[in-house]
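# Fold and contact review
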Amino acid sequence: MAATSRMRAKGTMREIDLQEYATSDALTLSVNERDALAREALNLSIAPVAGTTSEYTLTPGSIVGAVETGGLSVRIAPKIGIRQLLSLACYAIDKVRLQEPEFDFPEQAALPDALALAFGAAARRALSRGLLYGYRTEEDALLAVRGRIRFDEQIRRRFGIPLPVEVRYDEFTDDIFLNRLVKAAAHRLGRLGLRSRKARSGIAWVAESLSDVSLVAFPRGAVPDVRFDRLNEHYRSVATLAQLILRHGAFEAARGKVRASGFLMDMNQIFQEFVTVALREALGVSEQVFGERGIGSLDMQNRVTLKPDLVWGDGSRCTFVGDVKYKRADGGVPNADLYQLLAYATALDLPGGLLIYAKGERAPMTHTVRHSGKRLEVATLDLSGTLEETLDRIGDLAQRIRRLQRSAIRRVSVPGASSDNVSQSTQAIQPMDVKPTAIAA
């Protein structure tokens, strides 16, 4: 089904509207525009239209958002809608349920604009109670004693000179981590070229409210988690949105003379994170017990390492394994996915495993592997509707996982069925250095 794509002028920049995984109508692109779109970060499939020299169809992958590059403003809308996308992403970060005021944006808005509007609404709600203050430990050299004297530093740096005094003290200030986190997110959104005037105004208000707070750069892969208590609980929504903004794809990049800037999110990552957190909550287990982790290797030589998305184990024994896939081929489950799950189940000596795909309303299916009898089960999670409806469906998946876990536990409890017994039998028939006379005897 072709995307409802359109191309129009925006000053000197042309706009292209696409939808995730949907092929666009034929678009006329110059060579420079085509090459600008052929970026790895965009994950766009660009196909020439037969019989033409400058017309192409564009098919996005799992990357959604908006980007400006090569004189084009490209917007890729998620299939599930931006409201649901933000709901799933925020729940995946800290099980946060966004409030209705955060959804005060048009559904057809570009992802950066919608995110900026939600962030601005959450910031106004949090800051309406006043800016959060807290204590921050400072170390300084002062002409008067404040707090505690750092005697070791005084001796090392001053060599007996009494002033200034090296001290450590706690300062009550608004320049604390949470405010820095919010300001960094506002700064990043402010650099995205937002289309909505309301969004730009909201971000400017946040930046002005935090004018005395330090601007700190948070690398995408190192955004700290936030610990909430009764004093900062009212910051939860805006802090979660700030983490979302800083952890995902706001970027500026250049390749040759072509520059790109925008905000992009990978639905593969969002889906995996949401499913993991939501299942963990539904099962009532901790991150240490359930989640993504390495399980060693497939082969005896430790050359093929394995890391499933979902493993349930206490460190001594794994009782469930599964994998999460956002996109499923229309023709059915790809063989490679089944091979991957079979490798996980084999390495862990489990009776089977579970593949979880997004969307799809086909009846659940099970593949029974010849000779081994392992059961590779396939389930789909419909992401349409509201967050609460999706969490209800997660509850059904959790029940299925519990059933698979109980099956694995029963199998281990049967004498002779565990992998330990198998490995002991294997070790018993390994070649040994035995004397011929002993064999004859």
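All of the points below concern the structure found in this document. (Residues numbered from 1 in each chain as written. Predicted model: local features only at pLDDT ≥ 70, side-chain atom pairs only at ≥ 80, totals over all residues. Heavy atoms only, no water.)

Before going further, it helps to examine the overall build of the protein. Along its length, the protein carries twelve helices and 18 strands. Looking at the protein as a whole, 45% of its 441 residues are labelled buried. Summed over its atoms, the accessible surface of the protein is roughly 23,300 Å², and 51% of this surface lies on carbon and sulfur atoms. (Helix = DSSP H or I, 4+ residues; strand = E, 2+ residues; numbered from the N terminus. Buried < 20%, exposed > 50% of the residue type's maximum accessible area, 1.4 Å probe, protein only. Areas by Shrake-Rupley, 256 points an atom, 1.4 Å probe, with all protein chains shown as cover.)

This paragraph deals with unusual backbone geometry. Although it is not a glycine, Lys-95 adopts a positive phi angle of roughly 55 degrees. Note on placement: Lys-95 falls in the loop between helix H2 (82-94) and helix H3 (111-127). On the basis of relative accessible area, Lys-95 is assigned to the partly exposed category, the value being 36%. For Asp-349, which is not a glycine, the phi torsion comes out positive at approximately 55 degrees. Its location among the elements puts Asp-349 in the loop between helix H9 (335-348) and strand E16 (352-358).

The next subject is the nonpolar core. Membership of the largest hydrophobic core comes to 99 residues, with the highest contact counts inside it found for Phe-119, Phe-274 and Leu-279. Here the element with the most residues in this core is H3; it accounts for eleven residues. Counting residues in each nonpolar core, the second largest holds 16 residues, with Ile-295, Leu-306, Tyr-357 and Ala-408 among its members. (Core = buried A, V, L, I, M, F, W, Y, C linked by side-chain atoms within 4.5 Å.)

Among the secondary structure elements, Asp-323 is positioned in strand E15 (residues 318-325). One polar contact links Asp-323 to Lys-325, side chain to side chain, over a distance of 3.0 Å. (Polar contact = N/O pair within 3.5 Å; in protein donor to acceptor, adjacent residues only side chain to side chain.)

Moving on, we get to the side chain of Glu-33. Tracing the backbone through its elements, the reader meets Glu-33 in helix H1 (residues 31-37). For Glu-33, the contacting residues outside a window of four places in its chain are Arg-14, Thr-28, Gly-70 and Leu-72. (Contact = heavy atoms within 4.5 Å.)

Next up on the list: H2. Across its 13 residues, H2 extends 19 Å between first and last C-alpha, which sits within 8% of the 18 Å expected from 1.5 Å per residue. Burial analysis of H2 places eleven of its 13 residues in the buried class, which makes it a mostly covered element. Taken as a whole, H2 has its buried residues at Ile-82, Gln-84, Leu-85, Leu-86, Ser-87, Leu-88, Ala-89, Cys-90, Tyr-91, Ala-92 and Ile-93. (Expected span 1.5 Å × (residues − 1).)

This paragraph deals with the pattern of salt bridges. In the structure shown here, the tally under the stated rule is 13 salt bridges. Put simply, Asp-94 and Arg-236 hold a salt bridge, and the shortest N to O gap is 2.5 Å. Here the residue Asp-94 occupies a position in helix H2, and Arg-236 occupies one in helix H7 (residues 236-247), the gap between them amounting to 142 residues. On the basis of relative accessible area, Arg-236 is assigned to the partly exposed category, the value being 23%. In this structure, the salt-bridge partner of Glu-388 is Arg-97, at a minimum N-O distance of 2.7 Å. (Salt bridge = Lys/Arg side-chain N within 4 Å of Asp/Glu carboxyl O.)

Our focus in this paragraph is empty space enclosed by the protein. By rolling a water-sized probe across the atoms, one finds the places where empty space is left. A full pass over the atoms with the stated rule returns two cavities of 30 Å³ or more. A volume near 100 Å³ is recorded for the largest cavity. Contributing to the lining of the largest cavity are 15 residues, with Ala-66, Glu-68, Pro-112, Leu-192 and Gly-193 lying nearest its centre. Of all elements in the fold, only strand E6 (63-69), H3 and strand E12 (258-266) reach the threshold of two or more residues within the lining of the largest cavity. Of the residues that constitute the lining of the largest cavity, the class distribution is seven nonpolar, four polar and four charged. (1 Å grid on protein atoms, 1.4 Å probe; cavity = no way out; pocket = protein on both sides within 12 Å on 5 of 7 lines; lining within 4 Å. Points joined across faces, edges and corners; volume = space filled by probe spheres on them. Nonpolar A, V, L, I, M, F, W, Y, C, P; charged D, E, K, R; others polar.)

This part takes up the sheet that holds strand E3 (residues 27-28). Strand order in the open sheet formed by three strands is E3-E5-E4, with antiparallel pairing between adjacent strands. With one partner strand each, in any of the chains shown, E3 and strand E4 (44-48) form the two edges of the open sheet. Across five bridges, the pairing between E4 and strand E5 (residues 55-60) is antiparallel. The residue bridging Leu-44 from the neighbouring strand is Pro-60, located in E5. (Pairing = 2+ DSSP bridges.)

This part is about the pairing of strand E17 (residues 365-368). One ladder, built from four bridges, connects E17 with strand E18 (residues 375-381); its direction is antiparallel. When the sheet's bridge partners are listed, Met-365 is paired in E18 with Val-378. In this structure, the hairpin formed by E17 and E18 is closed by a connection of six residues, where His-371 is found at a positive phi of approximately 70 degrees.

Strand order in the open sheet made by the six strands is E13-E14-E15-E16-E18-E17, with mixed pairing throughout. Edge strands, defined here as strands with exactly one partner in the open sheet, are strand E13 (290-291) and E17. With four bridges joining them, strand E14 (residues 310-313) and E15 adopt antiparallel strand pairing. From the neighbouring strand, Leu-310 faces E15, where its bridge partner is Gly-322. Strands E15, E16, E17 and E18 of the sheet are contacted by H9, whose axis makes an angle of about 165 degrees with E15. (Axes fitted to C-alpha atoms, helices over the stretch in contact; angles between N-to-C directions.)

Right, let's talk about helix H6 (residues 197-209) for a bit. Along an α-helix, residues three or four positions apart point the same way, because every turn accommodates 3.6 residues. An ideal rise of 1.5 Å per residue puts 18 Å on 13 residues; H6 measures up with 18 Å between its terminal C-alpha atoms. Check the buried side of H6 and you find it contacts H3 and helix H5 (177-190). At the N-terminal end of H6, a side-chain oxygen is found 3.3 Å from the backbone nitrogen of Lys-198, two or three residues along, and the residue is Ser-196.

Let us look at the packing of H3 against H6. In contact at an axis separation of 8 Å, H3 and H6 are set at 40 degrees when each is read in the N-to-C sense. Taken together, the axis directions place H3 and H6 in an arrangement best described as oblique. H3 and H6 meet at a crossing whose hand is left-handed. Counting all contacts with H3, which are made through Asp-113, Ala-116, Leu-117, Phe-119, Ala-123, Arg-124 and Leu-127, the residues of H6 involved are Lys-198, Ala-199, Ile-203, Trp-205, Val-206 and Ser-209. Residues of the contact of H3 with H6, tallied by class, amount to nine nonpolar, one polar and three charged. (Parallel < 35°, antiparallel > 145°, perpendicular 65-115°, else oblique. Left-handed = near helix turned anticlockwise from the far one by under 90°.)

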